[in-house]
Amino acid sequence: MTGSGVTRIAPSILSADFCALAASIDTVAPEADLLHVDVMDGHFVPNLTIGPPIVRCIRGHTDLYLDCHLMMTNPGEHLEAFAKAGASGCSVHVEVDDTAGLIAQMRDLGLDAGLAVNPETPLDAAEPFLDDIDLLLIMTVHPGFGGQSFMAEVVPKIRQAREALDRRDLDVALEVDGGINVDTAPQVAAAGADVFVAGSAIFDAADPLDAARRLRSAVSPPTGERG
Ligand code: DX5
Ligand code: ZN
């Protein structure tokens, strides 16, 4: 993944109709720069969702970038399966052990390497790895469920992350995830985020494509162009 600083919309299929996943993806595809795939293991977070077989199905259906968010205690045991299933990039949580080893493993597998940071985790935990990743995912809810309220107290950390990346002149996408909608997205955009994950704000809307379009407008400068 290249092109940090370009506004990107990442619909999260967690809020899509799993019985009509292909149709749901097709609906939002014209406004989707990435497709966000939430993988939950029932251990790192108290919920279970989907795994590599579904990613393989999605990959067979679309060429969209598949941004797999691994909310897992042992992501290292599954990275190869995600790579083989057609994931474009994976994000592992900095709260689990062996971040350096996991990043190296993602690189070896040809995956873009992402690092996710929970709301209560300071940026310091991710700082040592910023040179080695493609994407930094700042959680703006406690991970585990869609449809939660945005945590405004995380905004200073997003600003801090933007400053750290700019100071080191790093081409790392800065992604925000959780409670992102047309009301909350402008403040995270102003703080420096450039990839906007949205589940319920898009898929729970009567018109998901229009919702994605409105989200893009909310975070794009009037003269901005889609990257
Ligand atoms: C939460 C997930 C999110 C979730 C966001 O644990 O990581 O990606 O899908 O859903 P909304 O946009 O509804 O907060
Ligand atoms: Zn997510």
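Before reading further, recall that the structure is shown in the block above.
The following paragraphs examine the structure supplied in this document. (Residues numbered from 1 in each chain as written. Chains lettered and ligands numbered in written order. Predicted model: local features only at pLDDT ≥ 70, side-chain atom pairs only at ≥ 80, totals over all residues. Heavy atoms only, no water.)

## Structural notes on the environment of Met-40
Considering the arrangement of structural elements, one finds Met-40 in strand β2 (residues 34-40). Each residue touching Met-40, except ones within four places of it in the same chain, is listed here: Leu-14, Val-45, Asn-47, Leu-48, Thr-49, Met-71, Gly-144 and Phe-145. (Helix = DSSP H or I, 4+ residues; strand = E, 2+ residues; numbered from the N terminus. Contact = heavy atoms within 4.5 Å.)

## Quick look at the coordination of the zinc ion (ligand 2)
On the protein side, the zinc ion (ligand 2) has His-36 (NE2), Asp-38 (OD), His-69 (ND1) and Asp-177 (OD) as donor atoms, found 2.1 to 2.3 Å from it. Because the angles between the six donor atoms bound to the zinc ion (ligand 2) fall within 71 to 171°, the donor set is best described as octahedral. As a motif over one chain, the donors of the zinc ion (ligand 2) read H-x1-D-x30-H-x107-D. A residue pair is termed long-range when its members are at least 10 positions apart, and Asp-38 in strand β2 and His-69 in strand β3 (residues 65-71) qualify at 31 residues. When its relative accessible area of 5% is taken as the criterion, Asp-38 is described as buried. Given the relative accessible area of 0%, His-69 is considered buried. (Donors = N, O, S within 2.8 Å, 3.2 Å for Na, K, Ca; no water. Tetrahedral: all angles 85-135°; square planar, octahedral: opposite > 155°, others 65-115°. Buried < 20%, exposed > 50% of the residue type's maximum accessible area, 1.4 Å probe, protein only.)

## Topic: the pairing of strand β1 (residues 8-11)
Side chains Arg-8 and Ala-10 of β1 all project onto a buried face; the interleaved residues Ile-9 and Pro-11 project onto the opposite face, where all are buried too. Strand direction decides the pairing type here: β1 and strand β8 (residues 195-198), joined by four bridges, are parallel. Residue pairing for β8: Pro-11 is matched across the bridge by Ala-198. (Pairing = 2+ DSSP bridges.)

## With respect to the site of ligand 1
Ligand 1 sits among 20 residues. The nearest are Asp-38, Gly-144, Asp-177, Gly-199 and Ser-200. In this structure, an oxygen atom belonging to ligand 1 sits 3.3 Å away from a side-chain N or O atom of His-36. Side-chain polar atom of Ser-200 to an oxygen atom of ligand 1: 2.5 Å apart, as the coordinates give it. Its free accessible area being 380 Å², ligand 1 has 100% of it covered by the protein chains. Going through the elements one at a time, β2, β3 and β8 are the ones with two or more residues in the shell around ligand 1. Looking at which element gives the most residues to the shell around ligand 1, the answer is β2, with three residues. (Near = heavy atom within 4 Å. Polar contact = N/O pair within 3.5 Å; in protein donor to acceptor, adjacent residues only side chain to side chain. Areas by Shrake-Rupley, 256 points an atom, 1.4 Å probe, with all protein chains shown as cover.)

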